[in-house]
Amino acid sequence: MNLLILGSGGREHALSWKLAQSTKVDRIFIAPGNAGTSASGTNLNVDPGNFPEVKKAVLENKINIVIVGPEAPLVEGIHDFFLADSDLKNIPVIGPDKSAARLEGSKDFAKEFMTKYGIPTATYRSFDKTTASGVFSFLKTMAPPYVIKADGLAAGKGVLIIDDIIEAEKEVVSILNGKFGKAGSRVVIEQFLKGIELSVFIITDGTSYKLLPEAKDYKRAGEGDTGLNTGGMGAVSPVPFAGKAFMDKVKVRIIDPTMNGLADEGIRYKGFIFFGLINVDGEPYVIEYNARLGDPESEVIIPRIKSDLFDLIEGVAEGNLEKRKIEFDDRFVTTVMAVSGGYPGEYSKGYPVYGLKEVRDSVVFHAGTKINDDDIVTYGGRVLAVTSWGDTMKEALLTSYRNLLLIRFKGAYYRNDIGFDL
Ligand code: AMP
Ligand code: GLY
């Protein structure tokens, strides 16, 4: 069994690390991968967005299953590309087709879907250029702050939260006028929800699903959840407030209606669904759907899967996930991300990374690294995710922080307060 994992971040390193432990897997290829993934498989210099190149790699390396890490190839239709190609159509792609990936690729689609199927989410209205004259009067019906979202993929920058109504209207207009390109040809304006966020994941073959461990991600660059939004500065799992009572609500009000809604729409979703949730006084609401696993959530939830992850992947590929088993590790797993100085703004790349060999009792997942003549150098904003285990969250975090003291690269920065609010 040969697998191809598409992507180059910490999520893909965690996937390849875990799948390499399966006795059913022969070879793992990662395209393009990073310095870390090359320890669990073979990196291929292929851009996941270049589907003909992906095809070539799949055929050359006799790939049996493709696992798609990031959202962009899914939203652009890589699954449909495989189905439409006579050489590829029998090679399963783990990741939804284009129509199903709209859950992430179009906020307007996701909101309409949730409204139609009674899934709790912030009330909203969407606008395009032809209806923009109604923006101000809609804003007046809502209390600040105003949540404004570009409809399409905007590399994590498409959500604005603004207190002033005049400024909010201006932003909507500037998004509709192209501030985020095509992603902003529609804009969703929604009610602000106050609560604590968490990430819930399932894997599904389109008929049944398995719940994966949940996680909490720390998105802001600065301590105390201040500063700019990032891809994520750290994560913990399990999430203490997501006990049985809360997770039962998530299942009954959110996951099951989502699965039923997809079936009703004639969508056979194969892959991971990431429910970005917010806990408002004990009640779960959906902030967003993603058509993939989270990053850095993967660096804590994958290590918490005790059973063979490949067994679930195979269940999706064969459409018999119902028969597969998943077992969790009950310990706490935490990850702390070391990032490049300046991130999420401008930063430099190419600095050597020191100290990786000194790490004990943690696994370091590479998020943005590259091998440069034998040296590991920084190659992204998020560089390394230091993952650790513990009987308590504190114990796991102390191990991550102890090891972070040993890892060095120029300008390295990490948050010292991951888990602070739990
Ligand atoms: P999204 O890309 O939809 O996940 O939004 C990015 C971030 O904006 C979320 O992780 C939340 O922190 C925040 N956010 C989005 N929608 C809302 C909302 N309706 N109420 C409060 N915060 C929100
Ligand atoms: N950590 C959030 C995400 O993967 O979108």
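Higher on the page you've got the structure.
First, a word on scope: everything that follows refers to the structure included in this document.

**Notes on the side chain of Lys 18**
One can find Lys 18 in helix H1 (residues 10–19). Buried charged residue Lys 18 carries no salt bridge. Nearest counter-charge: Asp 308, at 6.5 Å. Among the polar contacts made by the side chain of Lys 18, one reaches the main-chain carbonyl oxygen of Ile 305 at a distance of 2.7 Å. If we ignore the near neighbours within four places in the chain, the residues touching Lys 18 are Ile 302, Ile 305, Lys 306, Ser 307 and Leu 309.

**A few points about the site of ligand 2**
Near ligand 2 you find Asp 217, Lys 219, Gly 231, Phe 274, Arg 292, Gly 294, Asp 295, Pro 296 and Glu 297, and these make up its full shell. Taking Arg 292, its side chain carries an N or O atom lying 2.9 Å from an oxygen atom of ligand 2. The backbone of Asp 295 places a nitrogen or oxygen atom 2.9 Å from a nitrogen atom of ligand 2. Its free accessible area being 200 Å², ligand 2 has 88% of it covered by the protein chains. Along the lines of polarity and charge, the residues of the shell around ligand 2 split into two nonpolar, two polar and five charged.

**Things to note about the packing of H1 against helix H11 (residues 309–318)**
Two numbers describe how H1 lies on H11: the axes approach to 8 Å, and their chain directions differ by 100°. The angle between H1 and H11 falls in the class roughly perpendicular. Where H1 approaches H11, its residues Leu 15, Lys 18 and Leu 19 are matched on the opposing element by Leu 309, Phe 310 and Ile 313. In terms of residue class, the contact of H1 with H11 is built from five nonpolar, no polar and one charged.

**Some thoughts on the nonpolar core**
Formed by 49 residues in total, the largest nonpolar core has its most connected members in Leu 4, Val 58, Val 66, Phe 82, Phe 275 and Tyr 289. Residues within four places of Val 58 in sequence aside, it is in contact with Leu 4, Ile 63, Val 66, Phe 82, Leu 88 and Ile 91. The next biggest cluster of nonpolar side chains, apart from the first, holds 38 residues, and it includes Ile 5, Ile 65, Ala 235 and Leu 293.

**Structural notes on the sheet that holds strand E22 (residues 382–390)**
As summarised here, the arrangement of the five strands in space is E12-E15-E18-E22-E19, forming an open sheet in which the pairing is antiparallel. At either end of the open sheet lies a strand with only one pairing partner, and these are strand E12 (216–217) and strand E19 (362–366). H1 contacts E19 and E22 of the sheet and is inclined by roughly 125° relative to E19. Across the sheet, helix H12 (residues 393–404) lies against strand E15 (234–237), strand E18 (332–339), E19 and E22, angled at about 30° from E18, the strand it touches most.

**Description of the packing of aromatic side chains**
By the definition in use, this model includes 14 aromatic pairs. Measuring from ring centre to ring centre gives 6.0 Å for Tyr 401 and Tyr 414, while their planes differ by 35°; the resulting arrangement is tilted. Taken as a pair, Tyr 401 in helix H12 and Tyr 414 in the segment after H12 lie far apart in primary sequence, 13 residues in all. In textbook terms, an aromatic cluster arises when at least three aromatic residues are bridged by ring pairs, as seen for Phe 109, Phe 113, Tyr 117, Phe 275 and Tyr 289. Above the ring of Phe 109, the side-chain terminus of Arg 102 is found at 4.0 Å from the ring centroid.

**Points about the site of ligand 1**
By nearness alone, 14 residues border ligand 1, and Glu 190, Gln 191, Leu 193, Glu 197 and Glu 288 come closest of all. With respect to ligand 1, the side chain of Glu 190 contributes an N or O atom lying 2.7 Å from a nitrogen atom. A distance of 2.9 Å is found between an oxygen atom of ligand 1 and a side-chain nitrogen or oxygen belonging to Glu 288. Of all elements in the fold, only strand E7 (146–150), strand E8 (159–162) and strand E17 (283–290) reach the threshold of two or more residues within the shell around ligand 1. Classifying every residue of the shell around ligand 1 by side-chain character gives seven nonpolar, one polar and six charged.

What counts, and where the lines are drawn
- Residues numbered from 1 in each chain as written.
- Chains lettered and ligands numbered in written order.
- Predicted model: local features only at pLDDT ≥ 70, side-chain atom pairs only at ≥ 80, totals over all residues.
- Heavy atoms only, no water.
- Helix = DSSP H or I, 4+ residues; strand = E, 2+ residues; numbered from the N terminus.
- Buried < 20%, exposed > 50% of the residue type's maximum accessible area, 1.4 Å probe, protein only.
- Lys, Arg positive; Asp, Glu negative; His and termini not counted.
- Salt bridge = Lys/Arg side-chain N within 4 Å of Asp/Glu carboxyl O.
- Polar contact = N/O pair within 3.5 Å; in protein donor to acceptor, adjacent residues only side chain to side chain.
- Contact = heavy atoms within 4.5 Å.
- Near = heavy atom within 4 Å.
- Areas by Shrake-Rupley, 256 points an atom, 1.4 Å probe, with all protein chains shown as cover.
- Nonpolar A, V, L, I, M, F, W, Y, C, P; charged D, E, K, R; others polar.
- Axes fitted to C-alpha atoms, helices over the stretch in contact; angles between N-to-C directions.
- Parallel < 35°, antiparallel > 145°, perpendicular 65-115°, else oblique.
- Core = buried A, V, L, I, M, F, W, Y, C linked by side-chain atoms within 4.5 Å.
- Pairing = 2+ DSSP bridges.
- Phe/Tyr/Trp six-rings, centres within 6.5 Å; stacked < 30°, edge-to-face > 60°.
- Lys NZ or Arg CZ within 6 Å of the ring centre and 35° of its normal.

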